[in-house]
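Residues per chain are reported as follows:
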Amino acid sequence: MSFDAEGRPALGVGEVAAQLRALGVERGGIVLVHTSFRAVRPIVNGPAGLIEALRAALGPDGTLVMPSWTGDDDAPFDPAATPCAADLGVVADTFWRMRGAARSDHPFAFAALGPQARSITDGPLPASPHAPDSPIGRVHAMDGQVLLLGVGHDADTALHLAEVIAGVPYRVPKFCTMLRSGRPVRVHYEENDHCCERFALADEWLRARGLQAEGRVGYGQARLFRARDVIALAVERLARDPCLFLHPRGAGCAECEAAWRSVAV
Ligand SMILES: [Zn+2]
């Protein structure tokens, strides 16, 4: 048996799969996972062991999905070689490399494994990373669950889709690089981006309706909910206050200030 620096024994794949099922991961369903392995370890086999546990909980008819976009705006994205953005963590960067995993062919990539993997990850570069016709949009359309494992709603991509559906007025200019006829071409786009700290409001919204399961998975805190629920609740609130997720002007948050500057006055 192996132990971490705090003397905790590494949990086996079967134990972690049982925790996931007890939390409410649906056998045969679709689950999008955002995770920080540091907050969840130790698990036997490390990040690959956690992925194995997730697949065991979903069963052969279930589809596991993870974010898989690049953090490099200047290099053309190659789904077979480009690493995930560093802040997506080691589990996401292990996942797309696994045998049989599908990965989108554009810089706003997601990766998936299971019967719905291709229908979620395929498709051209979306107009913005979290548009309805994007991998996160398809997870929503297919009524997938979202699992935040050792991370909070600040990592919850579904809330960016809610912002697009609600038509929030902020748009931060960005670019990525695509190969066109074998040459790298810079593609400019606008994204509803900010620091995402205030996405934490979703905890209260979901808890008040009993729509978020919470518990321990590995050694980390887990939140599980349906993409449809968090998006419906956020869209309802954004209709009343479209800049609800931004820190107030002058509050000293550089990323939210950049979003405010993009709002037409
Ligand atoms: Zn902020």
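Reading the values: rules and limits
- Residues numbered from 1 in each chain as written.
- Predicted model: local features only at pLDDT ≥ 70, side-chain atom pairs only at ≥ 80, totals over all residues.
- Helix = DSSP H or I, 4+ residues; strand = E, 2+ residues; numbered from the N terminus.
- Rg over C-alpha atoms; globule rule 2.2 N^0.38 Å.
- Buried ≥ 20, exposed ≤ 12 C-beta atoms within 10 Å, placed from the backbone.
- Contact = placed C-beta atoms within 7 Å.
- Axes fitted to C-alpha atoms, helices over the stretch in contact; angles between N-to-C directions.
- Parallel < 35°, antiparallel > 145°, perpendicular 65-115°, else oblique.
- Left-handed = near helix turned anticlockwise from the far one by under 90°.
- Nonpolar A, V, L, I, M, F, W, Y, C, P; charged D, E, K, R; others polar.
- Pairing = 2+ DSSP bridges.
- Core = buried A, V, L, I, M, F, W, Y, C linked by C-beta atoms within 7 Å.

**What to know about the overall build of the protein chain**
Turning to step 1, where the next piece is worked out: Broken down by element type, the protein chain carries ten helices and nine strands.
Turning to step 2, where the next piece is worked out: For 265 residues, the compact-globule formula gives about 18 Å, and the C-alpha radius of gyration of the protein chain, at 18 Å, lands near that figure.
Turning to step 3, where the next piece is worked out: In terms of overall dimensions, the protein chain has a C-alpha envelope of 60 × 50 × 35 Å along the principal axes.
Turning to step 4, where the next piece is worked out: Each of the 265 residues in the protein chain was classed as buried or not, and the buried ones make up 43%.
Turning to step 5, where the next piece is worked out: Expressed as a percentage of contacts within the protein chain between residues at least 6 apart in sequence, the contacts between residues at least 24 apart total 71%.

**Here we look at the packing of helix 1 (residues 13–23) against helix 3 (residues 46–58)**
A packed helix pair is summarised by two numbers, namely the angle formed by the two axes and the spacing between the axes.
Turning to step 1, where the next piece is worked out: Contact geometry for helix 1 and helix 3: axes closest at 8 Å, N-to-C directions at 50 degrees. Overall, the two elements helix 1 and helix 3 adopt an arrangement that is oblique. Note on packing geometry: the crossing formed by helix 1 with helix 3 is right-handed. Across the interface between the two elements, Val13, Val16, Ala17, Leu20 and Arg21 from helix 1 touch Gly49, Leu50, Glu52, Ala53, Leu54, Ala56 and Ala57 from helix 3.
Turning to step 2, where the next piece is worked out: Class assignment for the residues of the contact of helix 1 with helix 3 results in nine nonpolar, one polar and two charged.

**A look at the sheet that holds strand 2 (residues 63–67)**
Turning to step 1, where the next piece is worked out: Judged by pairing direction, the sheet is mixed, and its seven strands sit side by side in the order 3-4-2-1-5-9-8 without closing on themselves. This sheet does not close on itself; its edge strands, each paired only once, are strand 3 (102–103) and strand 8 (213–217).
Turning to step 2, where the next piece is worked out: Here strand 1 (residues 30–35) pairs with strand 5 (residues 145–149) via five bridges, running parallel. Paired with Val31 across the bridge in strand 5 is Gln145.
Turning to step 3, where the next piece is worked out: Against the sheet, helix 9 (residues 227–240) engages strand 5 and strand 9 (220–226), with an angle of about 75 degrees to strand 9.

**Concerning the pairing of strand 7 (residues 183–191)**
Turning to step 1, where the next piece is worked out: Burial runs low along strand 7: only zero of the nine residues are buried.
Turning to step 2, where the next piece is worked out: As paired strands, strand 6 (residues 172–180) and strand 7 are joined by nine bridges and run antiparallel to one another. By the bridge assignment for strand 7, Thr177 is matched with Arg186.
Turning to step 3, where the next piece is worked out: Two successive antiparallel strands, strand 6 and strand 7, enclose a turn made up of two residues, where Ser181 displays a positive phi of approximately 50 degrees.

**A short note on the nonpolar core**
Turning to step 1, where the next piece is worked out: If you look at the biggest cluster of nonpolar residues, it comprises 73 residues, and the most contacted ones within it are Val65, Ala112 and Val230.
Turning to step 2, where the next piece is worked out: Those residues within four positions of Ala112 in sequence are excluded, and the remaining contacts are Thr63, Leu64, Val65, Ala101, Ala102, Ala117, Ile120 and Thr121.

**Concerning the pairing of strand 9**
Turning to step 1, where the next piece is worked out: With six of seven residues buried, strand 9 is to be regarded as a mostly interior element.
Turning to step 2, where the next piece is worked out: Looking at chain direction, strand 5 and strand 9 are connected through five bridges and run antiparallel. If you follow Gln145 over to strand 9, its bridge partner there is Arg226.
Turning to step 3, where the next piece is worked out: Bridge count between strand 8 and strand 9: five bridges; the pairing is antiparallel. Along strand 9, the bridge assignment pairs Arg216 with Gln221.

**Let's talk about unusual backbone geometry**
Turning to step 1, where the next piece is worked out: For the bond running from Arg41 to Pro42, omega is 5 degrees, close enough to zero to count as cis.
Turning to step 2, where the next piece is worked out: Within the fold, Pro42 resides in the loop between helix 2 (37–40) and helix 3.
Turning to step 3, where the next piece is worked out: Even without glycine at this site, Asp143 takes up a positive phi of about 60 degrees.
Turning to step 4, where the next piece is worked out: Relative to the elements of secondary structure, Asp143 occurs in the loop between helix 6 (135–141) and strand 5.
Turning to step 5, where the next piece is worked out: With 12 C-beta atoms counted inside 10 Å, the residue Asp143 sits in the exposed group.
Turning to step 6, where the next piece is worked out: Phi at Ser181 takes a positive value of approximately 50 degrees, unusual for a residue other than glycine.
Turning to step 7, where the next piece is worked out: Within the fold, Ser181 resides in the loop between strand 6 and strand 7.

**Focus: the packing of helix 7 (residues 157–166) against helix 9**
Turning to step 1, where the next piece is worked out: For the pair helix 7 and helix 9, the least separation of the axes is 9 Å and the interaxial angle reads 45 degrees. Taken together, the axes of helix 7 and helix 9 are oblique relative to one another. Crossing of helix 7 over helix 9 shows right-handed handedness. Listed contacts from helix 9 to Ala158, Leu159, Leu161, Ala162, Glu163, Ile165 and Ala166 of helix 7 are Ala227, Val230, Ile231, Ala234, Val235, Leu238 and Ala239.
Turning to step 2, where the next piece is worked out: The residue makeup of the contact of helix 7 with helix 9, split by class, is 13 nonpolar, no polar and one charged.

What is shown is where atoms sit, not what they do.
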